[in-house]
Amino acid sequence: MYGKMQDFLKNEIESLHNQKLYKHERIIESPQGAEIIVNNQKVLNFCANNYLGLSSHPDLIKAAHDEIDNRGYGLSSVRFICGTQDIHKVLEKKTSDFLGTEDTILFSSCFDANGAVFEPLFTDEDAIITDALNHASIIDGIRLAKAKRWIYKHADMRDVEEEDQATGKMAKGLERCLIEAQSCRFRVIVTDGVFSMDGDIAKLDEITALAEKYNALVLIDESHSSGFMGKTGRGTHELYNVMDKIDIITTTYGKALGGASGGCVSGKKEIIEFLRNKARPYLFSNTVSPSVVGATIKCLDLLSSTTELRDKLEKNTKLFRESMTSAGFDIIPGIHPITPIMFSKFENSSQLAVDFASRSLEEGIYVIAFSFPVVPRGKDRIRVQISAAHETEHIEKAVSVFTKVGKELGVI
Ligand SMILES: *Cc1c(COP(=O)(O)O)cnc(C)c1O
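Residues numbered from 1 in each chain as written. Predicted model: local features only at pLDDT ≥ 70, side-chain atom pairs only at ≥ 80, totals over all residues. Heavy atoms only, no water.

(A) Representation of the environment of Glu 314 in the model. Tracing the backbone through its elements, the reader meets Glu 314 in helix H13 (residues 308-326). For the pair Glu 314 and Ile 335, spaced 21 residues apart in sequence, the C-alpha separation works out to 7.9 Å. (Helix = DSSP H or I, 4+ residues; strand = E, 2+ residues; numbered from the N terminus.)

See below:
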């Protein structure tokens, strides 16, 4: 039987190569950090979600070791049978305190948290209203729910339905969706706090105002925000000063908050209590391992005691964005450490982005090119991610390499 499928898959894989859509993985031969070893060569890493530089932080590594000694390697159980230790409850409590919520439930990943949160809470009587550019895990999670769906054009808050220039299809704004969904029992607006391709931030001031006007809940995915957005790093809800207006937060411990793995849903206590009883990835998947729990607790303690790391990240981001702008690059403006270098104004933009990334790597700067279908056609880019692990010299080196490669390729 496999022969037929094998032929099919070989063809599909070849076609991925032909379309330049095949995903090649570069092998890192060192811990994650500002400096990493790739191909036996030391390079500066500018493409990790290691926003606060905690992936290899000595205090987190020690906390992980300690918890292996104290609580073992694994639990071999889901939470509700015999997989809940004291430290799992501590992490849930510390996460709630950090995010400013009532309660928190852990998952193996934020992908799982988003896969878990919609199906039990929203039935065919309810409406889920979601930004068109939300993360893949939100899209999949919503697919599992029986609720009615409205997709609003990315960041479009208006009461309109009109043709979207980019796609040629009709698209609605958020307020229009809310009006159409008024007869449903519950409505929930769902958005990434920060969108990972452009580094743009959800307009939580307008979203929460509309939620009040039309009696809707608000769910934000804070994966690219938790730990550093807002003046004490609590997230985009802190940045917009709407911490009391968000009903549900999903986030990951696999980016700024330590970088290993794990995720959660955090919010109103009855919602969390209900999910503990009903969420399938919680009921039917293994508990988060003690070492990860221990290191994540250490991470939250660290971030609650000082804003030093998020302040350094903010300073690094500002330096990089200003230097790249004065060097003449087309970068998407903003304040987030995700800094896309755009090649849209060039005809051969996707080839340019790929060449730019590989030339930069040869010069010791590791960045990645993003092309269609990850980003819209013609919006090819290098997505640079700044970290608190970077020192000023690292940022200056990156800018000088980009300037050299940019001139060489005729980009600036
Ligand atoms: C990375 C990411 C996730 C997935 O997080 P994991 O914990 O790695 O599964 C979910 N949502 C958003 C917005 C993300 O950026």
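(B) Main features of a nonpolar patch on the surface. On the surface, Tyr 2, Met 5, Phe 8, Leu 9, Ile 13, Leu 16 and Tyr 22 cluster together into a nonpolar patch covering about 650 Å² of accessible area. One can find Tyr 2 in helix H1 (residues 2-18). When its relative accessible area of 48% is taken as the criterion, Tyr 2 is described as partly exposed. (Patch = residues over 30% accessible without salt bridge, like charges linked within 9 Å, V, L, I, M, F, W, Y side chains within 5 Å. Areas by Shrake-Rupley, 256 points an atom, 1.4 Å probe, with all protein chains shown as cover. Salt bridge = Lys/Arg side-chain N within 4 Å of Asp/Glu carboxyl O. Buried < 20%, exposed > 50% of the residue type's maximum accessible area, 1.4 Å probe, protein only.)

(C) Structural view of the pattern of salt bridges. Evaluation of the coordinates by the stated rule reveals 27 salt bridges. Where Asp 103 meets Arg 276, a salt bridge forms, and the shortest distance between an N and an O atom there is 3.9 Å. One end of the pair, Asp 103, is in strand E3 (residues 103-107); the other, Arg 276, is in helix H10 (residues 269-278), with 173 residues separating them in the sequence. Judged by its relative accessible area of 23%, Asp 103 is partly exposed. Residue Arg 276 is classed as buried on the basis of its relative accessible area of 18%. In this structure, Glu 270 and Lys 269 form a salt bridge, with 3.6 Å as the shortest nitrogen-oxygen distance. Among the residues examined, Lys 269 registers a relative accessible area of 46% and is labelled partly exposed. Overlapping salt bridges bring together Arg 79, Lys 89, Glu 92, Asp 103 and Arg 276 as one network.

(D) Quick look at helix H4 (residues 86-99). Spanning 14 residues, H4 covers 20 Å between terminal C-alpha atoms, matching the ideal 20 Å at 1.5 Å per step. Turning to H4, its buried residues are Ile 87, His 88, Leu 91, Glu 92, Thr 95, Ser 96, Phe 98 and Leu 99. Remark: Gly 100 follows H4 within two positions and exhibits a positive phi of approximately 75 degrees. (Expected span 1.5 Å × (residues − 1).)

(E) Structural view of the sheet that holds strand E2 (residues 41-45). If you walk across this open sheet you meet the three strands as E1-E2-E13, and the pairing is mixed. Lying at the two open borders of the sheet, with one neighbouring strand each, are strand E1 (35-38) and strand E13 (365-366). (Pairing = 2+ DSSP bridges.)

(F) Region of the structure containing the side chain of Glu 175. One can find Glu 175 in helix H7 (residues 174-180). Setting aside residues up to four positions removed in sequence, Glu 175 forms contacts with Met 157, Arg 158, Asp 159, Leu 210, Lys 213 and Tyr 214. (Contact = heavy atoms within 4.5 Å.)

(G) Structural detail: the packing of helix H14 (residues 349-362) against helix H15 (residues 392-408). Interaxial distance between H14 and H15 falls to 10 Å at its minimum, and their mutual angle equals 130 degrees. By the criterion of interaxial angle, the relationship of H14 to H15 is oblique. In the packing of H14 onto H15, the handedness of the crossing is right-handed. Together, Phe 356, Arg 359 and Ser 360 of H14 and Val 401, Phe 402, Lys 404, Val 405, Gly 406 and Glu 408 of H15 make up the contact between the two elements. In terms of residue class, the contact of H14 with H15 is built from four nonpolar, two polar and three charged. (Axes fitted to C-alpha atoms, helices over the stretch in contact; angles between N-to-C directions. Parallel < 35°, antiparallel > 145°, perpendicular 65-115°, else oblique. Left-handed = near helix turned anticlockwise from the far one by under 90°. Nonpolar A, V, L, I, M, F, W, Y, C, P; charged D, E, K, R; others polar.)

(H) Representation of the side chain of Ser 360 in the model. Following the sequence through the fold, Ser 360 ends up in helix H14. For Ser 360, a relative accessible area of 0% translates into the label buried. Apart from the residues lying within four places of it in its own chain, the contact partners of Ser 360 are Ile 365, Val 367, Val 401, Phe 402 and Val 405.

(I) A look at the sheet that holds strand E15 (residues 381-385). Taking strand neighbours across the sheet as the criterion, the three strands line up as E12-E15-E14 in an open arrangement whose pairing is antiparallel. Strands with a single pairing partner mark the edges of an open sheet, and in this sheet they are strand E12 (338-342) and strand E14 (369-370). Here E14 runs beside E15; their pairing, made up of two bridges, is antiparallel. When the sheet's bridge partners are listed, Phe 370 is paired in E15 with Arg 381.

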